[in-house]
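Reading the structure
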Amino acid sequence: MSRKFEGFANDAEYHTNPHYKRGCGVGVLLAGLSEADRTEVQAALDRPELSAVGIAQALKSRGVTGITAGIIGYHRRGACACGQ
Ligand SMILES: [Zn+2]
């Protein structure tokens, strides 16, 4: 049987370390876009009437996977590492 928690403390340390903070999925996405595209996506994020679920679906329809409504919510509230 493999040891599921081998090196667990090292993992926790890695995730705790400040240099790990490189932004959430939304921040990483925005950083990788052209300025025009980034403005477009940011405009949607800045409109409170657009739901996080709706934005996540719209991203998915453009081929962006792995960004959930939860991550978008965190990013909008500034609860992610992007602004730190
Ligand atoms: Zn973020």
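Report follows, based on the coordinates.

What counts as what
Residue numbering note: each chain is counted from 1, following its sequence as written. For a predicted model such as this one, the threshold for reporting local features is a pLDDT of at least 70, and the threshold for listing and counting side-chain atom pairs is 80 or more; totals across whole chains, interfaces and linings nevertheless cover every residue. Per the convention used, a helix needs a DSSP run of H or I reaching at least four residues, while a strand needs a run of E reaching at least two, with both numbered from the N terminus. Each residue is classed by its C-beta neighbour count within 10 Å, where at least 20 other C-beta atoms makes it buried, 12 or fewer makes it exposed, and intermediate counts make it partly exposed; the C-beta atoms are placed from backbone geometry. Each residue is represented by a C-beta atom placed from its backbone, and any two residues with such atoms within 7 Å are regarded as in contact. Here an axis means a line fitted to C-alpha atoms, over the contact stretch when the element is a helix, while the angle between two N-to-C directions is reported on a 0 to 180 degree scale. With respect to orientation, any angle under 35 degrees is reported as roughly parallel, any angle over 145 as roughly antiparallel, any angle of 65 to 115 as roughly perpendicular, and every other angle as oblique. Crossing handedness follows the turn of the near helix against the far one: under a right angle anticlockwise gives a left-handed crossing, and clockwise gives a right-handed one. Note on residue classes: Ala, Val, Leu, Ile, Met, Phe, Trp, Tyr, Cys and Pro are nonpolar, Asp, Glu, Lys and Arg are charged, and everything else, Gly too, is polar. A set of buried Ala, Val, Leu, Ile, Met, Phe, Trp, Tyr and Cys residues, joined through C-beta atoms within 7 Å, is what we mean by a nonpolar core.

**So, the overall build of the protein chain**
The number of helices and strands found in the protein chain is five helices and zero strands. Secondary structure elements in the protein chain, listed N-terminal to C-terminal, are α-α-α-α-α. Relative to its 84 residues, the protein chain shows a buried fraction of 7%. A sequence separation of at least 24 residues applies to 56% of the contacts in the protein chain between residues at least 6 apart.

**As for the packing of helix H4 (residues 52-61) against helix H5 (residues 69-77)**
Closest axis-to-axis distance for the H4/H5 pair is 8 Å, and the angle between their directions is 120°. Accordingly, the angle class assigned to the pair H4 and H5 is oblique. As H4 runs across H5, the sense of the crossing is right-handed. Across the interface between the two elements, Ala52, Val53, Ile55 and Ala56 from H4 touch Ala69, Ile72 and Gly73 from H5. Taken together, the residues of the contact of H4 with H5 sort by class into six nonpolar, one polar and no charged.

**So, the nonpolar core**
Within the largest apolar cluster, five residues are counted, these being Val26, Ile55, Ala56, Leu59 and Ile72. Ranked by residues supplied to this core, first place goes to H4 with three residues. Those residues in contact with isoleucine 72, other than ones at most four positions away along the chain, are Val26, Ala52, Ile55, Ala56 and Ile67.

**Re the environment of arginine 76**
Its location among the elements puts arginine 76 in helix H5. Separated by 28 residues in the primary sequence, arginine 76 and proline 48 have C-alpha atoms spaced 9.2 Å apart.

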